[in-house]
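The chain contents come next:
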Amino acid sequence: MTESHYTVFPVHGASITDIPSTPHARYATGFIRADQIPDLSAFRSINPRSAVPKGEVPQAIFHTLTEHPLQMALKNAGLYVLAEHVRRGAGGSLLAEIYDPSRHGLVNGGHTYAMIREAMAGSDLQRLQAAKAYIPIHIYTGIPDSLIVEMASGLNNTRQVQVASLENLRGHYDAIKTAMNGHRGGDAIRYFEGSPGSVAIAEILQIIETFNFVRFPAPENPYHLYANPKRVIAAASEDFSLRPVVMQAVVDRLPSILELADNIRQAVEYHREKLDRKVRGRGRPNQTCERAPNTLLPFSGQIVKTRLPNGWLFPCLAAFRANAAMKGESLAWKVSNLNLLRRVAPTLAEICYRVQRASSNRPEWVGKKEIAYEECRAVVSLEVQKTELARVKNGFR
């Protein structure tokens, strides 16, 4: 790669270190003066959210930047950049190799970047003030493609808002614990930061909201919940308070829903691998899923070697809304989920694979595409109708 692909970040206090939990990944950081931030406008599409300049958060950033610029280094989380490589340059600078907008660029800090650009294009006083600000810069390299969207989503939710919302839900966790008591995977849910468990409560809440037919009446699809824990937590907090009967109906079915989710991970992954071999040829590296040797799926007890991205899981899981219905104050399945999954898994894998290839081959983007949810639901709905029709015909024999 030529030097022209390297972007210079003239930082103070530069440091580069390996990320111990992720092989070949590195993290570089330092402080950069606002008027020395390079132009990243061509490398912002990697962030799944767009900056809204007139919102409350960006306006607060702009106020600090132009009225109290020396506080930016302490108050602002900074700019998060994904790059191919990073190394030290002249004068203590950091050189980041950035050339592919689909994989490199500003993954978080869009509001900060937008407000800096606005200040630099503003009045002389605004430019002079903003030029005094030092902004934290965080550069990551070697991050697996399958984690980029989840990483972006996690970074885009402020810790203060997320923790406050989770606190509001504390009183509702007992219902989930009661429902999962005695069921496989009941001890795998991590209810609070630092507590044991491999599955974050935000993911469980998203699954619960997926089957909330009051918030998402058929044929709506809950695609906008994906990779948005702030929205999930806010919705769950509201629904547990205002729609307790509906939420309890879903929670009562939570063991079977979570088992279904793990069965989807196993079944759809099997057919995804077949598609991958067919398209890429034998011996070619797996581009779609994260290698995870001997990973336990806690709610089904199955062991898998590759982890199906959540971007594939949630459209497939949401499709099974077509197999669920409220009966009084209970949620019931129309036909056997396991038999249904066996019949639809190959087609669900084909849909997700096609949507992924139309989304810059990014598996995590599949979970944000409404078309993936619509097509997966249509497949499951048709199969449910066939099964119910066959059941009626058999009843007349």
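Residues numbered from 1 in each chain as written. Predicted model: local features only at pLDDT ≥ 70, side-chain atom pairs only at ≥ 80, totals over all residues. Heavy atoms only, no water.

Caption draft 1: Broad picture of the overall build of the protein. When helices and strands are counted, the protein shows 14 helices and 14 strands. Classification of the 397 residues of the protein by burial places 49% in the buried group. When contacts within the protein are restricted to residue pairs at least 6 apart in sequence, long-range pairs at least 24 apart make up 73% of them. Summed over all atoms, the accessible surface of the protein reaches about 19000 Å², with 52% contributed by carbon and sulfur. (Helix = DSSP H or I, 4+ residues; strand = E, 2+ residues; numbered from the N terminus. Buried < 20%, exposed > 50% of the residue type's maximum accessible area, 1.4 Å probe, protein only. Contact = heavy atoms within 4.5 Å. Areas by Shrake-Rupley, 256 points an atom, 1.4 Å probe, with all protein chains shown as cover.)

Caption draft 2: Focus on the nonpolar core. I176 and F320 are the most contacted members of the largest nonpolar core, which totals 65 residues. It is helix α13 (residues 337–357) that provides the largest number of residues to this core, a total of 10 residues. Excluding residues within four positions of it along the chain, I176 makes contact with I189, Y191, I201, L205, I208, V251 and L254. Counting residues in hydrophobic clusters, the runner-up holds 32 residues, among them I37, F43, A119 and A130. (Core = buried A, V, L, I, M, F, W, Y, C linked by side-chain atoms within 4.5 Å.)

Caption draft 3: How the structure looks around the packing of aromatic side chains. All told, the structure shown has seven aromatic pairs when counted by the stated rule. The interplanar angle of 45° and the centroid separation of 5.0 Å between the aromatic rings of Y27 and Y140 together place this pair among those described as tilted. Of this pair, Y27 sits in strand β3 (residues 26–33) while Y140 sits in strand β8 (residues 134–141), and the two are 113 residues apart along the sequence. Residue class for Y27 comes out partly exposed when judged on its relative accessible area of 21%. Taking 5.5 Å as the distance between ring centres and 50° as the angle between the ring planes, the aromatic pair formed by Y173 and Y191 counts as tilted. One end of the pair, Y173, is in helix α7 (residues 173–180); the other, Y191, is in the loop between β9 (189–190) and β10 (199–200), with 18 residues separating them in the sequence. The exposure class assigned to Y191 is buried, which follows from its relative accessible area of 10%. Pairwise contacts between aromatic rings join Y27, Y80 and Y140 into one cluster. (Phe/Tyr/Trp six-rings, centres within 6.5 Å; stacked < 30°, edge-to-face > 60°.)

Caption draft 4: Spotlight on the pattern of salt bridges. If you walk through the whole model with that rule in mind, you get 18 salt bridges. As a salt-bridge pair, D100 and R103 come within 4.0 Å of each other at their nearest N and O atoms. Notably, a salt bridge pairs E238 with R215, separated by 2.9 Å at the nearest N-O pair. Here E238 is found in helix α9 (residues 229–242), whereas its partner R215 is found in the loop between α8 (201–210) and α9, with 23 residues between them in sequence. A relative accessible area of 36% places E238 in the partly exposed class. (Salt bridge = Lys/Arg side-chain N within 4 Å of Asp/Glu carboxyl O.)

Caption draft 5: Structural view of the side chain of N221. In this structure, N221 sits in the loop between α8 and α9. In this structure, N221 is in contact with E370, Y373, E374 and R377, ignoring residues within four places of it in sequence.

Caption draft 6: Main features of the packing of α7 against helix α11 (residues 254–280). α11 packs onto α7 with a crossing angle of 75° between their chain directions and a minimal axis gap of 8 Å. The angle between the axes of α7 and α11 places the two elements in the roughly perpendicular class. Facing I176, A179 and M180 of α7, the residues of α11 in contact are L254, P255 and L258. Partitioning the contact of α7 with α11 into residue classes produces six nonpolar, no polar and no charged. (Axes fitted to C-alpha atoms, helices over the stretch in contact; angles between N-to-C directions. Parallel < 35°, antiparallel > 145°, perpendicular 65-115°, else oblique. Nonpolar A, V, L, I, M, F, W, Y, C, P; charged D, E, K, R; others polar.)

Caption draft 7: Geometry of the pairing of strand β14 (residues 330–333). Judged from the four bridges that link them, strand β13 (residues 324–327) and β14 form a sheet pairing that is antiparallel. The partner of A324 across the bridge, within β14, is W333. Joining the antiparallel neighbours β13 and β14 is a turn of two residues, in which G328 adopts a positive phi near 70°. (Pairing = 2+ DSSP bridges.)

Caption draft 8: Seen up close, the environment of I264. Residue position: I264 is located in helix α11. It is 9.4 Å that separates the C-alpha atoms of I264 and R342, two residues lying 78 residues apart in sequence.

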